[in-house]
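Coordinate inspection notes
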Amino acid sequence: MEINYSYKEFFQHLYNSERPFFELNAETEETYREWKKEFREVLRDKLGLNLLADIVRRQNGGRKEIGLIEGEVTKEKGYIRKKYMMETLPSVWMPFYMLVPDGIDKEHPGKAMIAIPAHGANKNTIAGVGETKEEKEKIQKFPKEAYGLSFVKKGYVVFCPDPPGYGERVEPMPSEDKTFLPEKERTSLDCSCKDLAQTAEAFGLSLTALEIWDLIKLLDFMCRAEEVDKEHIGCGGFSGGGQYTMWLAALDNRIRLAVVSGYVHGYYDSILECHLCPCNYAPGLWKLGDISDICALIAPRPLFIENGISDVENGPIGIEGPKRQVEKIRKAYRLFHAEKQLEHVTPQGPHQWYGECYEFVSKYL
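Residues numbered from 1 in each chain as written. Predicted model: local features only at pLDDT ≥ 70, side-chain atom pairs only at ≥ 80, totals over all residues. Heavy atoms only, no water.

**Re the packing of helix H9 (residues 207–224) against helix H10 (residues 240–251)**
- Close contact between H9 and H10 brings their axes to 10 Å; oriented N to C, the two are set at 65°. Between H9 and H10, the angle is such that the two are roughly perpendicular. Considering how the two elements wind past one another, H9 and H10 form a crossing that is right-handed. In this structure, H9 uses Thr-208, Glu-211, Ile-212, Leu-215, Ile-216 and Leu-219 to contact H10, whose residues at the interface are Gln-243, Tyr-244, Trp-247, Leu-248 and Leu-251.
- Across the contact of H9 with H10, the residue classes break down as eight nonpolar, two polar and one charged. (Axes fitted to C-alpha atoms, helices over the stretch in contact; angles between N-to-C directions. Helix = DSSP H or I, 4+ residues; strand = E, 2+ residues; numbered from the N terminus. Parallel < 35°, antiparallel > 145°, perpendicular 65-115°, else oblique. Left-handed = near helix turned anticlockwise from the far one by under 90°. Contact = heavy atoms within 4.5 Å. Nonpolar A, V, L, I, M, F, W, Y, C, P; charged D, E, K, R; others polar.)

Laid out in structure tokens, this is it:
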């Protein structure tokens, strides 16, 4: 008898023991809208967004204004870069860049994109700003990943935030790490997702809730900005940035177009095979729906998905994993006869931003 010491088989059986409650089965636009409304409400509660809103109301004591600090303004060729620091939670601040193309102002507002960084990146690298040795090397090695810079050069007003645990928001080293890794120092390209995810979960929240909350606050700011055409706001990102894009578009209709690069796959594969960062999960989320069901909440708004064929995060069956997810998402678009507004490209190559979305964004945003 061969003895199994791994939990893998146990968790595989557990995952397959029941169908996700909100697996998309709608057959009409009306039943889709009912499903979408209920699924969104349950997700807000499961992720901890409702709890977070209650906490903020209590801690703010009725204060409604949000702290905002304007930082430096830098003139670049063809655009200006403005830095802001915005209070998103009591005593929590998010820095972000606003990139404004020449010719865009309150008299001539422009279409806008939120460009969200992946793990190992930050607002600087996305905007093409190298302030540290690590950031300069990153931009030089992966120039395509400065997609915030690419978007502003194409005429969009671009917003590049540091999500929780990224860039200037990297958390201090935990005391345990300081003890056992005394020589380790975090750089602006490190990410403290694990620390924040564990702490958030201990308080009945999730890191996903913290991420979405910040992005919604950024979206509120964008909708007040005179330079932004409020009817044409999109969002895009690679890997973890693709994940945050997915969630924001799924839960907020003000996002009119989404670009999800290097992220769409199945929860079964990511939980049991790839073991992605804990920022990808919330307790019990697997019981509600798969990534395809979350993406289906974006329909019929334009959605561009790309997965490199040899991306390890596709899962154990390779590119077929993302393809199966996209076929499930496509069911939602068929209900609206909007199949053309869902595009999936699978370039040859590994886990990276390929930048094949720009024509799609130009066409549909």
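**Focus on the sheet that holds strand E6 (residues 228–238)**
- Spatially, the nine strands line up as an open sheet ordered E1-E2-E3-E5-E4-E6-E7-E8-E9, and their pairing is mixed. Pairing within the sheet leaves two strands with one partner each, and these edge strands are strand E1 (68–76) and strand E9 (342–345). Between one strand axis and the next, the sheet turns through 15° on average, direction left out of account.
- Relative to E6, strand E4 (residues 110–116) runs parallel, the two being bridged by six bridges. Across the sheet, the residue bridging to Ile-114 is Cys-235, located in E6.
- Most of the contacts of H10 go to E6, to which it runs at about 140°, and overall it touches E4, E6 and strand E7 (257–261).
- Each of strand E8 (303–306) and E9 is contacted by helix H13 (residues 320–335), which is oriented at about 170° to E9, the strand it contacts most. (Pairing = 2+ DSSP bridges.)

**Here's the deal with the packing of aromatic side chains**
- Within this structure, the stated rule accounts for 23 aromatic pairs.
- Seen from their ring centres, Phe-21 and Phe-22 are 5.0 Å apart, and the 75° between their planes marks the pair as edge-to-face.
- Looking at Phe-22, the relative accessible area reads 5%, which means it is buried.
- Seen in terms of ring centroids, Tyr-32 and Phe-336 are 5.2 Å apart; in terms of plane orientation they differ by 85°. Their pairing is edge-to-face. Taken together, the residues span a long stretch of sequence, with Tyr-32 in helix H2 (residues 29–47) and Phe-336 in the loop between H13 and E9 at a distance of 304 residues. Just as Tyr-32 is buried, Phe-336 falls in that class too.
- Grouping aromatic residues by their ring pairs yields a cluster made of Phe-21, Phe-22, Tyr-32, Trp-35, Phe-39 and Phe-336.
- Positioned above the aromatic ring of Tyr-97, the side-chain terminus of Arg-81 is 5.6 Å from the ring centre.
- Cation over ring: Lys-123 sits above Tyr-97, and NZ or CZ is 5.5 Å from the ring centre. (Phe/Tyr/Trp six-rings, centres within 6.5 Å; stacked < 30°, edge-to-face > 60°. Buried < 20%, exposed > 50% of the residue type's maximum accessible area, 1.4 Å probe, protein only. Lys NZ or Arg CZ within 6 Å of the ring centre and 35° of its normal.)

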